[in-house]
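Structure at a glance
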Amino acid sequence: MNVWERGAGLTKACGTGACATAVASAKKNLTERLVNIHFQTGKLSIDWKENNRIHMSGPVSNIQELILVSKNGILKKFKRRVV
């Protein structure tokens, strides 16, 4: 699965998109309720339970740097050291 976010471009993964894809494909009887969604950097396992809860599992990555720009132009930059 490829995800393009407006303003960010191609992303490495998207949990929300993976869950939506899993539910939509199961509702159309294209897949079972337990599926693997593949991204360029790995896969997420999505399990849509009978009680309509969705369980997602897969690798986790850290955000290394985040830059926020507000409407009035204030810029904040956050860096996080990965341990």
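Before reading further, recall that the structure is shown in the block above.
This report concerns the structure included in the present document. (Residues numbered from 1 in each chain as written. Predicted model: local features only at pLDDT ≥ 70, side-chain atom pairs only at ≥ 80, totals over all residues. Heavy atoms only, no water.)

Looking at the overall build of the chain
- The helix and strand tally for the chain stands at one helix and seven strands.
- Of all 83 residues assigned to the chain, the portion counted as buried reaches 22%.
- In the chain, 21% of the contacts between residues at least 6 apart in sequence involve partners at least 24 apart.
- Here the chain has roughly 7000 Å² of accessible surface; of this, 53% comes from carbon and sulfur atoms. (Helix = DSSP H or I, 4+ residues; strand = E, 2+ residues; numbered from the N terminus. Buried < 20%, exposed > 50% of the residue type's maximum accessible area, 1.4 Å probe, protein only. Contact = heavy atoms within 4.5 Å. Areas by Shrake-Rupley, 256 points an atom, 1.4 Å probe, with all protein chains shown as cover.)

Overview of the pairing of strand β5 (residues 54-57)
- Here strand β4 (residues 42-48) runs beside β5; their pairing, made up of four bridges, is antiparallel. Its bridge partner being in β5, S45 is matched across the sheet by S57.
- In this antiparallel pair of consecutive strands, β4 and β5, the connection spans five residues, and N52 shows a positive phi of 70°. (Pairing = 2+ DSSP bridges.)

Some details on the sheet that holds β5
- Ordered in space as β3-β4-β5, the three strands form an open sheet in which the pairing is antiparallel. Two strands close off the open sheet at either side, each with one partner strand: β3 (34-39) and β5. Across the sheet, the axes of successive neighbouring strands diverge by a mean angle of 20°, strand direction being ignored.
- Contacting β3, β4 and β5, helix α1 (residues 15-27) crosses the sheet at an angle of about 50° to β4. (Axes fitted to C-alpha atoms, helices over the stretch in contact; angles between N-to-C directions.)

Comments concerning α1
- Along its 13 residues, α1 runs 18 Å from first to last C-alpha, staying within 8% of the 18 Å computed at 1.5 Å per residue.
- All of the buried residues along α1 are G17, A18, C19, A22, V23, S25 and A26. (Expected span 1.5 Å × (residues − 1).)

Overview of the nonpolar core
- Counting 10 residues, the largest nonpolar core consists of V3, C14, A18, C19, A22, V35, I37, F39, L44 and I46.
- Broken down by secondary-structure element, the contributors of at least two residues to this core are α1, β3 and β4.
- Once residues lying within four places of it in the same chain are set aside, the contact partners of C14 are M1, V3, F39 and L44. (Core = buried A, V, L, I, M, F, W, Y, C linked by side-chain atoms within 4.5 Å.)

Let's talk about the environment of N2
- Within the secondary structure, N2 is located in the segment before β1 (4-5).
- For the pair N2 and A18, spaced 16 residues apart in sequence, the C-alpha to C-alpha distance is 9.8 Å.
- What N2 contacts, discounting residues up to four positions off in sequence, is L10 and Q40.

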